[in-house]
Each structure stands twice: as C-alpha cells, then as structure tokens.
Amino acid sequence: MSSEKELYQIANKMNHVELPSKLNESIQAGMWQAQKERRVTKRRIWSSIAVSLFLLVFFTTVRASPTFANYISELPGGTWLVELVHSDKGLQQAIEQNYATAVGVSDEHAGLKLTIEGYTADEARIVIFYSLENKEGYSYASMQHFTLMPNEFLASMSYGEPHFEIENEKMVYGKIDIGINDINKLPEELTLATTFTLELPTTGEVNNEDVWEVIIPFEKESFLGLKEEYSFNETVDFAGQNITFSDAVIYPTQMSIEFEEDKENSLKIFSLEELAIENEKGERFEATTNGVISHNHNEWEKTLFLESSYFSEAEELYITASRVRALPKEALQVTFDVNSQTLLTAPRGLTLHEYSEDTSYHHFTFLIKMDEELDQSQSFQIFDRIILDEKKQQLDLINEWSSRTLEDSFEEFSFKVKKGNEQKLVFTIIDYPNRIYDEMKIRIK
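Cut-off values and rules
- Residues numbered from 1 in each chain as written.
- Predicted model: local features only at pLDDT ≥ 70, side-chain atom pairs only at ≥ 80, totals over all residues.
- Heavy atoms only, no water.
- Pairing = 2+ DSSP bridges.
- Helix = DSSP H or I, 4+ residues; strand = E, 2+ residues; numbered from the N terminus.
- Axes fitted to C-alpha atoms, helices over the stretch in contact; angles between N-to-C directions.
- Buried < 20%, exposed > 50% of the residue type's maximum accessible area, 1.4 Å probe, protein only.
- Phe/Tyr/Trp six-rings, centres within 6.5 Å; stacked < 30°, edge-to-face > 60°.
- Contact = heavy atoms within 4.5 Å.
- 1 Å grid on protein atoms, 1.4 Å probe; cavity = no way out; pocket = protein on both sides within 12 Å on 5 of 7 lines; lining within 4 Å.
- Points joined across faces, edges and corners; volume = space filled by probe spheres on them.
- Core = buried A, V, L, I, M, F, W, Y, C linked by side-chain atoms within 4.5 Å.
- pLDDT = per-residue confidence, 0-100.
- Polar contact = N/O pair within 3.5 Å; in protein donor to acceptor, adjacent residues only side chain to side chain.

To continue, consider the pairing of strand 25 (residues 399-405). Sheet faces and side chains relate simply in a regular strand, where the side chains alternate between the two faces. As judged from the five bridges shared by strand 25 and strand 26 (residues 410-418), these two strands associate in the antiparallel manner. Within strand 26, the position partnered with threonine 405 by the bridge is glutamate 411. A loop of four residues connects strand 25 with strand 26, the two strands running antiparallel in sequence, and aspartate 408 in this loop sits at a positive phi of about 60°.

With that out of the way, let us pick up the sheet that holds strand 26. The strand order across the open sheet built from four strands is 22-23-26-25, with neighbouring strands paired in antiparallel fashion. Among the strands making up the open sheet, the edge pair consists of strand 22 (350-357) and strand 25. The average undirected angle you get between the axes of adjacent strands in this sheet is 15°. For strand 23 (residues 361-369) and strand 26, the ladder comprises nine bridges, and the chain directions are antiparallel. Looking at the pairing, leucine 367 lines up with glutamate 412 of strand 26.

This part is about unusual backbone geometry. Going from methionine 149 to proline 150, the amide bond is cis rather than trans, its omega being -10°. Relative to the helices and strands, proline 150 resides in the loop between strand 4 (140-149) and strand 5 (154-158). Of note in this structure, asparagine 98 is not a glycine but carries a positive phi near 60°. The topology assignment puts asparagine 98 in the loop between helix 5 (89-96) and strand 1 (101-109). The exposure class of asparagine 98 is buried, given its relative accessible area of 1%.

Let us look at the packing of aromatic side chains. Aromatic rings in a pair are described by how distant their centres are and how their planes are angled relative to each other. Considering all chains together, one arrives at 22 aromatic pairs under this definition. An angle of 80° between the planes, with centres 5.4 Å apart, marks the rings of phenylalanine 366 and phenylalanine 383 as edge-to-face. Highlighted residues: phenylalanine 366 in strand 23 and phenylalanine 383 in strand 24 (residues 383-388), separated in sequence by 17 residues. Both residues of the pair, phenylalanine 366 and phenylalanine 383, count as buried. Seen in terms of ring centroids, phenylalanine 366 and phenylalanine 413 are 5.8 Å apart; in terms of plane orientation they differ by 15°. Their pairing is stacked. With phenylalanine 366 in strand 23 and phenylalanine 413 in strand 26, the pair connects residues that are 47 residues apart, well separated along the chain. Of the two residues, phenylalanine 366 and phenylalanine 413, neither departs from the other in class, the shared state being buried.

For aspartate 396, the location among the structural elements is in the loop between strand 24 and strand 25. Separated by 22 residues in the primary sequence, aspartate 396 and lysine 418 place their C-alpha atoms 6.1 Å from one another. Excluding residues that lie within four positions of it along the chain, aspartate 396 makes contacts with Ile387, Val417 and Lys418.

Our next topic: the layout of surface pockets. Approximately 180 Å³ is the volume attributed to the second largest pocket. The wall of the second largest pocket is formed by Leu327, Pro347, Arg348, Gly349, Ile368, Lys369, Met370, Asp371, Tyr432, Pro433, Asn434 and Arg435.

It is worth spelling out the nonpolar core at this point. Core analysis: the largest hydrophobic core is formed by 71 residues, its most contacted members being Phe245 and Ile319. In this structure, isoleucine 319 is in contact with Phe232, Phe245, Ile257, Leu275, Ala276, Ile277, Met440, Lys441, Ile442 and Ile444, ignoring residues within four places of it in sequence. By size, the runner-up hydrophobic cluster in this structure holds 26 residues, among which are Val334, Leu350, Ile387 and Phe413.

On to the confidence of the model for the protein. Residues with a pLDDT of 70 or more make up 82% of the protein, whose mean pLDDT is 82. Every residue in residues 1-66 scores below 50 in pLDDT, and together they form 135 contacts with partners more than four places removed in sequence or on other chains.

Of all eight residues in helix 5, seven are buried; the element is thus mostly enclosed. At the N-terminal end of helix 5, a side-chain oxygen is found 3.2 Å from the backbone nitrogen of glycine 90, two or three residues along, and the residue is aspartate 88. Directly after helix 5, the chain includes asparagine 98, whose backbone phi takes a positive value near 60°.

We now examine the side chain of serine 256. When you line up the elements, serine 256 lands in strand 13 (residues 255-261). Here serine 256 is in contact with Asp247, Ala248, Val249, Tyr251, Thr303, Leu304 and Phe305, once residues within four sequence places are set aside.

Counting buried positions along strand 13 gives five out of seven residues, so the element sits mostly inside the fold. Across seven bridges, strand 12 (residues 241-250) lies against strand 13 in antiparallel orientation. Looking across to strand 13, one finds that valine 249 is bridged to serine 256. Linkage of strand 12 to strand 13, two consecutive antiparallel strands, is achieved through a turn of four residues. The sheet contact formed by strand 13 and strand 18 (residues 301-306) spans six bridges and is antiparallel. The partner of methionine 255 across the bridge, within strand 18, is leucine 306.

Structure representation (structure tokens):
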C-alpha cells in the first residue's frame, strides 16, 4: 500500500492543467435504465456532526499534501464535496488522503460557466468533480448530449441526475463516475462536451445551441499498479443456493470481486443485499449504490463492485451478506394475452394496473409492492428490454420507460411496445423485490 509520502508525490505529479480545444466528434456513451419522471435535483440531508467530522479529517491533510485540499477550500460552499462523496466510504477515504488532483479548467457560454474542479482516478475508475456557476440568474439548467472523447477505454459512465434548480444558487456541483474497461486505452487527455437546456425565471426556456467543452489531462503512469489483489475461490450455500466468490482486486477508489451462480440453482439471484467487505475491527465497505453496481459476463457470472478499503489498514477482510433478491426460475417470465388483455403468468406482488393500445403500440402500466424501508431510495428496472411473442420471436424493444413512487410503497412503471400480429407478449424479469434472508462470511485476507 502506498505511503502518504507516495500519495503526495502522485498528487503533485498529476497536478497538470491544459486549456480546452475543439471537439473532433461526439458519441453518446450510456446505459438504458429506469428513470424518475420528475425534474428535480436530488438533495440529501446530512447532519452537521457528520459534515464537520469529514471536513475536519479532510482539511487536516493540508499539512501533508496541500494541493487538492487548499484548492477545494477556496471554492464557495464548503460542504459540496462532502455531499458528492458521502455515499461512498472508499471514495471519502481517498479524498481524506488527498488522493485527488485539482484541475480548474473552464468553459463559459450564455452566462453559465462549467468548471472541472478536479478528479480522482485509478486503473478501474475515474471520478470527475465539476461546478456550474450561474452568472445569468437562470432558474434551471440541465445537461444534454453529454459526451466524452475518446472513449475506447470506457466501460460505463454515470453522471447522476444532471438537472439543477438554480434560481437561488450561484454555484452548484456534480460528479461524473467513469468505469474503465481497458486502462491501456486511457489517453493522456479527455475531451468532455455537453449542451445545456436553460431557463430564466421570467421568460422560461432560453434558446441556445452552445457547446460547453473542456479538456481534462491525465498522467496515467502516476496511478498504474496502485491495487491490492487477492486470489481465492470459495463456494458457499447461501439461501439454499450455491454461489462462488473469487479474485478480489482493491483499487484506491473501488473494489471488485468475481461472483458466479451455480447453473443448477433453483433461484435466479438478482442481487446480494447488505453485501460488504468487513475487517477485523468491524469496519464495513459496502456494495456500490451509485455508478455501476456490477458487470455481467454472462447469465451466471458477474463482477461485483464495492467501496474501496485501500486506505484502511486491516489484517483481515471478509465478504459478508444477509439477504438476497431472487425469484424461482420458473417465475421469471410474465405472459400477457393480447386478446383478453390479462396477465396469464406473473409473480406475486406484480399487477397490471392499466393497458391500452393504439394503431402502433401496446401501452402498459404495472404496479409492484415495494418494501417501505428497504426500497425507499431505489427504483427497479423489472423487465428486460427484449420482448418475445408466443413463438419466442423477438419483438421491438421496450420504449419510453418511466416510473414513479406512489403512496403505500407502491411503484408504478409504464412503457410501450410496438404492435404486430402477436397474440401474447412475454416479458422477462431481471430484478424483483422478493427477498430471502441468510448469513454469509467468507475470509479473503
């Protein structure tokens, strides 16, 4: 593990700034997912004690490695960084250790200034912190057509909910979470470009075609090799199912573990809940809750991503979990009869709330009962996008998915499917809030 002195050298070596240049081309990198149908900024409430403790720990690192800490301390709104990293313990510890680089490159159009404030990076992940300065008095700003070039190295990219209600805000902040597929293809600099939908409080939407564009420099040699690797292979019986864990890699910003289901299992496992890495002191590093949660290699094998324990010294590390989201394999398909407009098969808890059709589309609205405590902060993507007919032939993909939370812990989700001559529609479930409880503890170190 790198010492504080080595981290200081890394931060200084990476402290390098370039000016924006022309964007050569733009392609969109993203993932299809269910999204809430409301235009609001997600704001999390944090106690003054938690914020104060984090700031105290973070700013005491100024004496050891002042570059990033001093830079951040001069920006308006001292708690913004806390709010951006609070849900990721490993990322918090990386920032506390000053494992980050100040950048400060900007582009400004129409009275809105986009600045890349800094980033933290390793072989698996890049987290970019940015700010928007509202110089024109806009009431609303929303990122549109966001691109990152070149993107041959890219495995995934998430930038949260990039909508900002800014009528009473001069500065707002966000982060961009990037998963790396091939570190060898990460270039020395990345060009980030985006457009914005803007609104004024008096006149509404502002018509503009400007492109905000900045270049972010990287010296990847400075963080190559910063990882801990543990080779193991252990199969356990969890919730009556055989699952195998192997090959953990701990980077400064995240941890990955290989996971495999036995093909003969009776259940299809959607997610291990309360999954964590725990050390001998009881300190827990939990499964990722934002960005990319896992990467599927095939139907049975995937890579799981957790918070990083890289900066937390420990003699022992264990994989733990206490429950699983799963369904019997025979309950994974939901069948809809077009003629009778009814569900022929569906798991318990899932109901067809509304159905209609026009000359081009089937329109569906489903309801599902969620757990009031466990599901209060998430929205499920229940179905695969691929729809089959009664002959198991693939139809057009699900279009225009939306969801919203109703009273009494019900989730409503709606979509449409292009019409043909099908008599039945078959939907495949890829996640579902059905839980089975058990206990698991596997030592990896």
